[in-house]
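A look at the structure
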Amino acid sequence: MMTSAEIRKKFLDFFVSKGHTIVPSAPIVIKNDPTLKFTNAGMNQFKDYFLGNRKAPYPRVCDTQKCLRVSGKHNDLEEVGVDTYHHTMFEMLGNWSFGDPANPAAGYFKKEAIGWSWELLTEVYGIPKDRLYVTVFEGDPGEGLLADKESSEEWSKWIGAERILPGKKKDNFWEMGDTGPCGPCTEIHVDCRTDAERLLINGAALVNNDHPQVIEIWNDVFIEFNRLKDGSLQPLPARHVDTGMGFERLVRVLQGKHSNYDTDLFMGTIAAIGKIVRKAYAADDSKASVAFRVIADHIRAISFTIADGQLPSNTDAGYVIRRILRRAVRYYYSYLDYKQPLLFQLVPVVAGQFKDVFPELHQQADFISKVVKEEEEAFLRTLEKGLKKIDEFFQEIRDLRQKNGLPEYKMYSDDPDSIDKGSNELYPFDFSGKLAFELYDTYGFPFDLTKLILSQNSIGFDFKIDEKSFDMEMQRQKTRSRAATALDTEDWIVLIDNPLTEFVGYDMLEINSKVVKYRKIKTKGKESWQLVLEATPFYAESGGQVGDTGILQFDQEIVEVTDTKKENDLIVHFTDKIPLNIDTEVIAKVNPDKRKAIEAHHSATHLLHAALRKVIGTHVAQKGSLVNEEHLRFDFSSSTVSDDELKKVETIVNEKIRENIPIVIKEMHKDEAIKMGAMALFGEKYGNIVRVVIIDPNYSVELCGGTHVGRTGDLGFFIITQETAIAAGVRRIEAKAAKAAFEYLHEYLVDPFEKIKKITKRKSKDAPIAVEGFIAEISELKKSLEKMELRQLKDIYTKLLGKVQLINGVSFIGEIVDVDNVEALKKLCFDLKNELKDYVVVLAANIGGKANVAVLLDEKVTETRNLQAPTIVKEHIAPLIRGGGGGQKTLATAGGQDASNLPQVIERVKSLLKN
């Protein structure tokens, strides 16, 4: 039986023998593509070749690509681990041909792709031919698409006609998205059933019918059209081959397993889980077995995304990772009865497994473990809070049943008035859908976890959840989210065909150019435009550096560029309008002052990174950055950084600035750059030729595509403004350089210090001593004032004890007192509590023209009189003082705008005791 490592190698070796170049996997976290957060298919890194934005360096390539899918076709996150063959993170083996009209022989199309697929599967891997079926696009008259006869004819050379099956558009016509390159595809399916099962039902009837043992294994896509926004299709100038084979499924087939999770890709992790939780994996459909599979799958997705630079968070891609992690936590918490962090213990297992193919996991295993552990601990705490909320709900049930004289074990209605105390009928109860959604939205409780907890309640009966109400709340949230992010993008209007756009902004900030294409976009009801130039000096947001702004001048008409971003490798200029003569020559001018400030902060980031490694250690690795004209933000892996270490880092950077070192930028082969010590960032995709920024070969050498100043002296000086922790093992430094540092120094240090000198009437060196004296004096005055306030409160307290009134057996004190804050009112209430029995106290004060009231009730009074302090405040006091308030059952406070009605407040509370 072949190991997974051998299977992967045979695939790559086979396509190398067919003239392909092996390329590395792109990062699983996608940058510079507004349509995707994660790499979800092998073709993602090649989109620019299909779109014609960039020429492919090789006509034929193959790879194994890290992919992440949490939604979409056949891939709902909540199904992963439940079945045997879907995953969040998976490897996609692929071979590619990038067509070139000028040299079509360099690539290939349907004949070769289909023939090689058959050769690899049957001759190299040895899959029995009678277990294979293929589907071919049957055509779609509604779109004017003909059946793919060419693929059918090619397949007929290798496989019987009864195994060549027609496929509908949803299965056999592949599209990149709503618009863009697309084309027919042919899928290869394998029947993994036993011989006895195959005799009973023909496998052809089970293809594409979600049978767990008759599965798609490979998809050959033939990209030959471009889908426009109006739905029409245009033939592409060059045709491409884009194939993808799910590695996990392939390994399952070749290792003779009925589940992907039974292969050597997962069994090592599953064994480690069993050892930790002290349970055996039964490999069945039980909740415990599903938990094993969920955890084994999810820890891979979590580890790979963190290694590629995406930390869990509450927004965008970070939220996807947090959601996957929390799903794994709730499975081990609920079904494996493990109540402490587990996932972080599996990171070394996964890292070791992929050490030779994806070394970034092994290199960052300690860091990934720290991040995962902190996330687990935080969610476990959140789970406890959510469970407490559910416990409060159960207690309300008990209280309500007791109040209505119902036995503990019977169901009840959430409407107390509908309960027939004399009836033995069981009243159904729907757990609030809004509460279920609150548990989901606030505490991260998925719907099925809430249902599980309700089924395990201690009340003695099962609950139904008001699913309709839950779904309504979920839909409202999705509607809000879609409204906030809705983007309507029209088709590109092409002015110049097949240009290779060029960035010239490293050397110049103003050039003459032409608009290549443009389109209108609409977001939140506002229209704007995107323009692509033949050549541009505008730097597109990338690598943490923000995009340039400036102007485009068309004859005498000025169009402002508000931002510049990358869409894959396309440089897109954002404007609020388009010119009248868009096809005329344009002068593109970058805002020079802004660019200069950005460059200063980018160069300062390199100096900072090197200084951190020098002071703290070479384990420091960049985890994110932001470079704009106002400041720089640098995230890095490290434990706590001391003030002394920060001071040393700041000193080193400023020393390098004073040395006025030339910043040398070279282009060279990536291997040469790495050999000379250049730092490459995890999660970045680099080509063979890279740009290397050198600030003294012995100090800072980094791969970087950003723009920089000419010499370190151009930075003037550097100041760290803040240092904080943002995640487990990740720190953040914010800093400023050049003009921004000078302005910060004056605003926050020089100018305030000058004011202090004027106030203290001291010279610079004596001013701090004077301030310390003032602070000490204020502290003494504060202590004296507190003593006076205590004496005053004691006098008020004594007078109040002499004003107790007995009303229907209740000791009542109601007074307007002279105090300066509401805390004094509360303290008086607590002091009176120790001397009274069966009491109601209401104290009011006019503080700065505002009404303030405190209400204190004895526990016994709340029961015998059916009174609660928050109710008194809300229903009787708040309306009188035009305010609001709240608190606990026996103590509540209120505040309002109208202090003139405080006497009426006392009388109103007093009247409640006379009834």
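Residues numbered from 1 in each chain as written. Predicted model: local features only at pLDDT ≥ 70, side-chain atom pairs only at ≥ 80, totals over all residues. Heavy atoms only, no water.

**Some details on helix α1 (residues 4-16)**
Here α1 spans 19 Å end to end across 13 residues, near enough to the 18 Å set by a 1.5 Å rise per residue. Those residues of α1 that sit buried are S4, I7, R8, F11, L12, F14 and F15. For α1, the angular spread of the buried residues around the axis is 160°, confining them to a single face. (Helix = DSSP H or I, 4+ residues; strand = E, 2+ residues; numbered from the N terminus. Expected span 1.5 Å × (residues − 1). Buried < 20%, exposed > 50% of the residue type's maximum accessible area, 1.4 Å probe, protein only. Arc of directions from axis to C-beta.)

**Quick word on the side chain of R131**
On the secondary structure map, R131 appears in the loop between α3 (110-124) and β4 (132-137). From its side chain, R131 meets the backbone oxygen of R193 in a polar contact 2.8 Å long. Of the polar contacts made by the side chain of R131, one reaches the side chain of D195; its length is 3.1 Å. Apart from the residues within four sequence positions on either side, R131 is in contact with R163, H189, V190, D191, C192, R193, D195 and R198. (Polar contact = N/O pair within 3.5 Å; in protein donor to acceptor, adjacent residues only side chain to side chain. Contact = heavy atoms within 4.5 Å.)

**Digging into the packing of helix α9 (residues 287-307) against helix α10 (residues 316-335)**
Interhelical geometry of α9 versus α10 gives an angle of 150° and a closest axis separation of 9 Å. Between α9 and α10, the interaxial angle falls into the category roughly antiparallel. Here α9 and α10 pass one another in a crossing that is left-handed. In this structure, α9 uses K287, A288, V290, A291, V294, I295, H298, A301, I302 and T305 to contact α10, whose residues at the interface are I321, I324, L325, R327, A328, Y331, Y332 and Y335. The residue inventory of the contact of α9 with α10, partitioned by class, reads 14 nonpolar, two polar and two charged. (Axes fitted to C-alpha atoms, helices over the stretch in contact; angles between N-to-C directions. Parallel < 35°, antiparallel > 145°, perpendicular 65-115°, else oblique. Left-handed = near helix turned anticlockwise from the far one by under 90°. Nonpolar A, V, L, I, M, F, W, Y, C, P; charged D, E, K, R; others polar.)

**Quick notes on the sheet that holds strand β33 (residues 850-857)**
The strand order β30-β31-β32-β33-β35-β34 describes an open sheet built from six strands, whose pairing is mixed. Unpaired on one side and paired on the other, β30 (805-807) and β34 (883-887) mark the two borders of the sheet. Across the sheet, the mean angle from the axis of one strand to that of its neighbour is 20°, orientation sign disregarded. Of the strand pairs in this sheet, β34 and strand β35 (residues 891-896) are connected by five bridges, and their pairing is antiparallel. Looking at the pairing, G886 lines up with T893 of β35. (Pairing = 2+ DSSP bridges.)

**Some words on the packing of helix α17 (residues 592-615) against helix α18 (residues 643-658)**
Direction vectors running N to C along α17 and α18 enclose 130°, while the axes themselves pass 9 Å from each other. On the basis of the axis angle, α17 is oblique to α18. The handedness of the crossing between α17 and α18 is right-handed. Of the residues in α18, those touching α17 at L607, L608, A611, L612, K614 and V615 are E645, K648, V649, I652, V653, K656 and I657.

**Some remarks on the pairing of strand β29 (residues 730-737)**
In terms of burial, β29 is a largely internal element, six of the eight residues being buried. The sheet contact formed by strand β24 (residues 632-637) and β29 spans six bridges and is antiparallel. Counted as the bridge partner of F636 is R731 from β29. Here eight bridges tie strand β28 (residues 718-727) to β29, and the two strands are oriented antiparallel to one another. Note that in β29 the partner of I719 across the bridge is K736. Between β28 and β29, which follow one another and run antiparallel, lie two residues, and G729 among them has a positive phi close to 70°.

**As for the pattern of salt bridges**
Applying the stated criterion across every chain yields a total of 38 salt bridges. In this structure, K66 engages E360 in a salt bridge whose closest nitrogen and oxygen atoms are separated by 2.6 Å. Residue K66 is found in strand β2 (residues 60-68), and its partner E360 is found in helix α12 (residues 359-363); the two are separated by 294 residues along the sequence. We classify E360 as buried; its relative accessible area is 12%. (Salt bridge = Lys/Arg side-chain N within 4 Å of Asp/Glu carboxyl O.)

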